[in-house]
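# Report on the structure
For reference, the chains in residue letters:
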Amino acid sequence: MIYEFLAEGFEEVEALTPLDLLRRSGAHVVTVCVSPDGDEIAVTGAHGITVKADISAKEAAGLLSRGDLEMIILPGGMPGTKNLDASELVHDFITKAAEEGAYISAICAAPMILGKRGLLDGKRATCFPGFEEYLAKSAVGGRVAVDGQFITSCGMGAALEFGLALVSALKGEETASALGKAVLA
């Protein structure tokens, strides 16, 4: 199962572009609303676009122990990234994914969450300019960086490349390439 976490103030393009590409590839992605009470499913992005997530944080918590975790996706944006970082549920999923070798992906400011935990130490990673301090023990740069189970990207302008990198990781380069051609990437 692939989980994409949406917290108040998320960057809409960084969330919806990879989601769209993954679903076009046939991947099963569940969007999770990260809200203070854990019951909400509607979440508003940084630019006032409200999205209805597939499940609430409480529902996601109940799915964590299923053992079918393939990937987690952390969109950036502010204050979305700070809200993701403040979520115990998000950190529980990161821990589980790291332990199980599932893909952990983050774009824009969100790689800071992984960097603060030391998960990107010694890895190639990238982030939005100004957040490099959180990746101080990483090789930083580029639009999209793939290093083992970690996939990071620099921001909204690279959302299509990021999404195709996620498709490639899960479905193979051939599928990602065909999808990229189909959407004129």
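Data block above holds the structure.
Presented here is an overview of the structure given in this document.

In this section: the state of the cysteines. Taken as a whole and assessed by the stated rule, the structure comprises zero disulfides. Summary of cysteine pairing: Cys108 is not part of a disulfide, and the nearest cysteine sulfur, belonging to Cys154, is at 8.2 Å.

On to the pairing of strand 7 (residues 103–107), then. Counting buried residues in strand 7 gives four out of five residues, a clear majority hidden from the surface. Pairing of strand 6 (residues 71–74) with strand 7, which is carried by four bridges, proceeds in the parallel orientation. Each bridged residue has a counterpart across the sheet, and for Met71 the counterpart in strand 7 is Tyr103.

Now for the side chain of Glu11. Looking at the element boundaries, Glu11 is found in the loop between strand 1 (2–7) and helix 1 (12–24). An unpaired buried charge is present at Glu11: no salt bridge exists, and Arg143, the closest side chain of opposite charge, is 13 Å distant. If sequence neighbours within four positions are ignored, Glu11 has contacts with His47, Pro75, Gly76, Gly77 and Met156.

The next point concerns helix 6 (residues 159–171). The end-to-end C-alpha separation of helix 6 is 18 Å, in line with the 18 Å expected for 13 residues at 1.5 Å each. Against helix 1, strand 6, strand 7, strand 10 (144–147), strand 11 (150–153) and helix 7 (173–182) lie the buried residues of helix 6. Of the residues trailing helix 6, Gly172 is marked for its positive phi of about 100°.

Cut-offs and rules
Residues numbered from 1 in each chain as written. Predicted model: local features only at pLDDT ≥ 70, side-chain atom pairs only at ≥ 80, totals over all residues. Heavy atoms only, no water. Disulfide = S-S within 2.5 Å. Buried < 20%, exposed > 50% of the residue type's maximum accessible area, 1.4 Å probe, protein only. Helix = DSSP H or I, 4+ residues; strand = E, 2+ residues; numbered from the N terminus. Pairing = 2+ DSSP bridges. Lys, Arg positive; Asp, Glu negative; His and termini not counted. Salt bridge = Lys/Arg side-chain N within 4 Å of Asp/Glu carboxyl O. Contact = heavy atoms within 4.5 Å. Expected span 1.5 Å × (residues − 1).

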